[in-house]
Structure formats: C-alpha cells, structure tokens
Amino acid sequence: MSKNHLIIGLGGTGGRIIRAMRKTIYTQLRNDKQKFKDINVDYLYMDSSQEMMNISDPSWNVLGENVQLSEQNKVFLEKGNLKSVLDNLERHQNIAPWIGKQSIWSGILDGMVGDAAAGQKRRMGRFLLATNIQKFNNSLINRVKALNDKGGQDVTFHICTGLAGGTGSGSIIDVICQIRKRYHYINSNIKNRIILYVLLPEEQPLPNWDAGNYHSNGYAALKELNALSVGAYIPCDIETGDLYDIGEKHALKEEVFNGCYLFELTNEFGQSIDIKEELPSIVSDYLFQKIYAQNATGDWGSQLGRIENAEN
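Rules and cut-offs
- Residues numbered from 1 in each chain as written.
- Predicted model: local features only at pLDDT ≥ 70, side-chain atom pairs only at ≥ 80, totals over all residues.
- Heavy atoms only, no water.
- Pairing = 2+ DSSP bridges.
- Helix = DSSP H or I, 4+ residues; strand = E, 2+ residues; numbered from the N terminus.
- Axes fitted to C-alpha atoms, helices over the stretch in contact; angles between N-to-C directions.
- Contact = heavy atoms within 4.5 Å.
- Salt bridge = Lys/Arg side-chain N within 4 Å of Asp/Glu carboxyl O.
- Buried < 20%, exposed > 50% of the residue type's maximum accessible area, 1.4 Å probe, protein only.

**Examining the sheet that holds strand 1 (residues 4-10)**
Taken in spatial order, the six strands of this open sheet run 5-2-1-6-7-8, and their pairing is parallel. Sheet topology places strand 5 (74-76) and strand 8 (259-263) at the edges, where each strand pairs with a single neighbour. Mean inter-strand twist for the sheet, computed between neighbouring axes without regard to direction, equals 15°. Bridge analysis of strand 2 (residues 40-47) against strand 5 gives three bridges, and the strand direction is parallel. Looking across to strand 5, one finds that Tyr45 is bridged to Lys74. Contacts between helix 7 (residues 167-182) and the sheet are confined to strand 1, strand 2, strand 6 (156-162) and strand 7 (193-199), with strand 6 contributing the most and set at about 165° to the helix.

Structure (structure tokens):
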C-alpha cells in the first residue's frame, strides 16, 4: 500500500472524521513518531460552513493540545450568487451545461436572501464547489505535492463524507473526478487509489436535521456513485464545462474510484451510536489501523487492497 495518504473531509461529517483522526494520531503516536516515519499523512477539509474551521475551536483539543488544521489544509466554499449566475450563464461555461433552467430554480430563488449556501440541496452544493473550484484544485495539488516531496509519487486518497446534506453529497462526485482527472490509477507504475467512506442517512435524524431532502440526497448520491463506478455516468467537468476527458479517452474509463465503504448508525444487532462523536471516532480508528497498523502486519495491507479493488 501507498506510504502517502491524503484524508479529504467533505462537509460536517468529513470534518468530524478528520478531527477524530487527528486526535487519534496525536494520542497514539506523539511519543513514537519514529516507528512510522515512512508514512506520510496529510489532510484537506472542505465545507460550506466555518463552524469547525476556527483555529480556537475547543473541540479540536486533546490532552491539552489543539490539533486544528492549518489554513492551507482547509477549503471554505464561499457562498455564490446563484441568481446572478443564472442571469448570465454565458459567462459561466463550467456551470451552464448542468445547472438547469432558471425556471426550475424560481421557487428557491424567491425564498433566497443574499448569496446561496448549500443547505440540503445537492445541486446547490455542486454549485458552490463549481464557483470555488480553482481554490479546491489549488489546495488539492499543493497537498499532493507536499506528500510527494516527502517521498513516493503515489497517493491514496481517503474521501470521507455524509450523504444526507448538500455539501458532501453534492460535491462527492466532482471531488472524485477532479482527483482522478489529475492523478491516474492505470497505465502507470504509480497507483493513485481513491477510497470512499460515506455515511448513509440515518432513519431517524436528530431534530431539525431533516430539511426535506435528507433521505433523497442519500439515495441520489448512491445512484450516481454506482453509475460512475460502472461507467454509465460521465458527468460534466465543473472546471471546464466539458465531459471529463483526457487525450483520446475518457479519464473515467479507468478505476474512477477503487472502493467505497458505506456505514450507518445502527449495527446488525440494532444498537445505535452517536453521530457527532462516536461514529467519527469509529471511522477514524479504522483509518488509523489501515494506514499505520498495516505497515507493521505484513500481508494484511495487500490483502485489504485486493478486497477494496474488488478483484474477485
């Protein structure tokens, strides 16, 4: 397995998983960094809310230390003026092919005050990523370069998100495609793998969490991920407005992503866990084991890689 790992968190769920991972690494490795000195881990947290991005946020404290990300590891999706874009689509070629007619947005625009936030609308989340796409791609390239500079040219991208909201569910397809557009998997000795860790919408959301699209967002995202994985869906490139294409063949004809873990709040015995603290810790513990423990357990990592690639 790769020695370079970029953990990408999309939306609130992705941010909480990164936060839990940072705490786990600090707790487990602060006195034993030399043991895993050849493993390089970096982070990229993207959200349309700054709730967990504040440097003084106490929720990032562990054992008296603050493990908050630096500014270069964060991408804040600034709100976009949807009405202005719809009124001038000819100036926004990266958005015009997929945003839809202005008439279908009339009800939303009528109730909108000021610029647009993602809320629980998947297409709004995609719109915000499209209006901030250069910021995201610049951060992505910089984080990968930082990992490559430490050694090794391949990177495993771990994308963590929930599928119920607007930011993560709305941006996950394009985040995958923007990564694969730049960092290929096949026809090269460099294997840049993409693994997804996605939270399914819970059956009974917390009060005020379901704004009307909670469960349909999850279904739509899963449908798109499935179609993307089998080559039935080639979306527009939100950077250019064209279909994703590299040279003479579609970039997405290769392994667009290598594996996808689906997780929810209730296990097979009907036991539920807390979505804000327990679930991010469980996912981060699994990531920690994959990235660090497999380095010390020989063949386990290669076996897991074959499973994630669905070789059988």
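**Quick look at the pattern of salt bridges**
Per the counting criterion, the structure on display carries eleven salt bridges. The partner of Arg143 in a salt bridge is Asp42, with the nearest N and O atoms 2.9 Å apart. Separated by 101 residues along the polypeptide, Arg143 in helix 6 (residues 133-150) and Asp42 in strand 2 bring together distant segments of the chain. By the burial criterion, Arg143 is buried, and Asp42 matches it.

**Structural notes on the pairing of strand 7**
Counting buried residues in strand 7 gives seven out of seven residues, a clear majority hidden from the surface. Side-chain alternation along strand 7 places Arg193, Ile195, Tyr197 and Leu199 on one buried face and Ile194, Leu196 and Val198 on a second face that is also buried. Bridging between strand 6 and strand 7 involves seven bridges; their strand directions are parallel. From the neighbouring strand, Phe157 faces strand 7, where its bridge partner is Ile194.

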